[in-house]
Amino acid sequence: MENFGVVNYLTYALGAVLIVLLPGPNSLYVLSLAAQQGRRSGWAAVAGVFIGDSVLILATALGAISILSAYPALFMVIKYAGAAYLIYIGINLIGGAIKTWRTIDDKSVDDVSIRKASSTKAFKKALLVSLLNPKAILFLLSFFVQFVDPTFSQPIIPFLILAATLQFFSLLYLAVLIYAGTKLAAAFKKRKKINAISGGTIGTGFVLFAIKLALASAQ
C-alpha cells in the first residue's frame, strides 16, 4: 500500500474495525430501528448513515489535502496532535467503562423507543444523526493523517483508500445489526457489563494504538 501513499495499512484496518465497533448514535439508531420496524427501515437508515459519513469523510480529506499541499510541516504537527487526541478519546472510553461497571447492580435499563416512520423519514433522520456530529471530522482527521505519506504526489488517493476501507467495515457492521437487530436489541438492554468490558477494551486499544503510531512517526 505504500505505493499508493498509505502507510501501515494493516494497522489502519485494525483501527478502522475498532472505530466501527465503538457504539455510537448511528449504529444504535440503526439497531433500534431494525429491531422495532423491520429490515426495510433499517436499510433506509443505513443509506442515510452511509451518505452522511461519506460527506464528513470527504470534508475531512479535502481539508487535510489542503493543509498538506500548503503547509507540509503543519501536517506533521497535526499528525502528532491527532495521536494525542486519540489517546484522549481512549482515556475517556476507559473512564466511561469504569462508571458503567459501577452501575451494573442498577436494574434500570435504557429502552430506546422510536416512533413508527416511513423509510424516507428513517433515511432523513439517520442522515441528520450522521451529519450533526462535528466531532467526527476532528476524529477522522486525527485518525487518517496517521496513515498518509505526506510526500506522496497525489494525496487524494490514500485518503480515498482509507475512506473506502472504513466505509466497507461500517456497512458490514450495520448489515449485521439489521439482520440480528431483534436479538441484539434485547441483549443490549441488559448490556451494562458487556458495554463496560468492550468500552474499556476499545479505549485501551485506542491508547496503545495512538502511542504506537506516535512512536513510529518519531523514528
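Here's a quick rundown of the structure. Given the structure is predicted, the values throughout are model-derived calculations rather than measurements.

### Here's the deal with the overall build of the chain
Of the regular secondary structure elements, the chain holds nine helices and zero strands. Along its sequence from the N terminus, the chain presents helices and strands in the succession α-α-α-α-α-α-α-α-α. In the chain, the proportion of contacts linking residues at least 24 apart, taken out of those at least 6 apart, comes to 88%.

### Focus on the environment of N26
Structurally, the position occupied by N26 is in helix 2 (residues 25-37). A sequence separation of 19 residues divides N26 from A45, and the C-alpha atoms of the two residues are 8.6 Å apart.

### Concerning the packing of aromatic side chains
Per the stated rule, a full pass over the model turns up eight aromatic pairs. The interplanar angle of 70 degrees and the centroid separation of 5.2 Å between the aromatic rings of Y12 and F147 together place this pair among those described as edge-to-face. With Y12 in helix 1 (residues 9-21) and F147 in the loop between helix 6 (135-144) and helix 7 (156-179), the pair connects residues that are 135 residues apart, well separated along the chain. Taking the relative accessible area as the measure of exposure, Y12 reaches 0% and is therefore buried.

### Observations concerning the nonpolar core
Ranked by size, the top nonpolar core spans 42 residues in total, and within it Y12, V30, F143, F144, F159, L162 and L166 carry the most contacts. When residues of this core are traced back to their parent elements, those giving at least two are helix 1, helix 2, helix 3 (39-70), helix 4 (72-102), helix 5 (119-131), helix 6 and helix 7. The residues touching F159, leaving out its near neighbours within four places in the chain, are A61, A64, I65, F144 and V148.

### Topic: a nonpolar patch on the surface
Residues F50, I51, V55, L128, L131, L132 and L171 make up a contiguous nonpolar surface patch of about 590 Å² in total accessible area. Residue assignment for the nonpolar patch shows that the elements contributing at least two residues are helix 3 and helix 5. As for its position among the elements, L131 is in helix 5.

### Considerations on unusual backbone geometry
The backbone of N8 sits at a positive phi, close to 55 degrees, despite the residue not being glycine. Relative to the helices and strands, N8 is located in the segment before helix 1. Assessed through its relative accessible area of 35%, N8 is described here as partly exposed.

### Concerning helix 1
Between its first and last C-alpha, helix 1 extends 18 Å over 13 residues, near the 18 Å set by a 1.5 Å rise per residue. All of the buried residues in helix 1 are T11, Y12, A13, G15, A16, L18, I19 and V20.

### Quick look at the packing of helix 3 against helix 7
As a packed pair, helix 3 and helix 7 sit with axes 10 Å apart at the nearest point and diverge in direction by 160 degrees. Taken together, the axis directions place helix 3 and helix 7 in an arrangement best described as roughly antiparallel. Classified by chirality, the crossing of helix 7 by helix 3 is right-handed. Between helix 3, through R39, G42, W43, V46, V49, F50, D53, S54, I57, A61, A64 and I65, and helix 7, the contact on the second element is made entirely by I156, F159, A163, L166, Q167, L171, L174, A175, I178 and Y179. Residues belonging to the contact of helix 3 with helix 7 are distributed by class as follows: 17 nonpolar, three polar and two charged.

### Observations concerning the side chain of T165
Here T165 is to be found in helix 7. Judged by relative accessible area, which is 8%, T165 ranks as buried. If we skip the residues at most four places from it in the chain, T165 touches Y9 and Y12.

### Focus on the environment of L162
As for its position among the elements, L162 is in helix 7. For L162, a relative accessible area of 0% translates into the label buried. As for L162 and V148, which are separated by 14 residues in sequence, their C-alpha atoms are 8.9 Å apart. Those residues within four positions of L162 in sequence are excluded, and the remaining contacts are V6, Y12, F144, F147 and V148.

So, how was this worked out
Residues numbered from 1 in each chain as written. Predicted model: local features only at pLDDT ≥ 70, side-chain atom pairs only at ≥ 80, totals over all residues. Heavy atoms only, no water. Helix = DSSP H or I, 4+ residues; strand = E, 2+ residues; numbered from the N terminus. Contact = heavy atoms within 4.5 Å. Phe/Tyr/Trp six-rings, centres within 6.5 Å; stacked < 30°, edge-to-face > 60°. Buried < 20%, exposed > 50% of the residue type's maximum accessible area, 1.4 Å probe, protein only. Core = buried A, V, L, I, M, F, W, Y, C linked by side-chain atoms within 4.5 Å. Patch = residues over 30% accessible without salt bridge, like charges linked within 9 Å, V, L, I, M, F, W, Y side chains within 5 Å. Areas by Shrake-Rupley, 256 points an atom, 1.4 Å probe, with all protein chains shown as cover. Salt bridge = Lys/Arg side-chain N within 4 Å of Asp/Glu carboxyl O. Expected span 1.5 Å × (residues − 1). Axes fitted to C-alpha atoms, helices over the stretch in contact; angles between N-to-C directions. Parallel < 35°, antiparallel > 145°, perpendicular 65-115°, else oblique. Left-handed = near helix turned anticlockwise from the far one by under 90°. Nonpolar A, V, L, I, M, F, W, Y, C, P; charged D, E, K, R; others polar.

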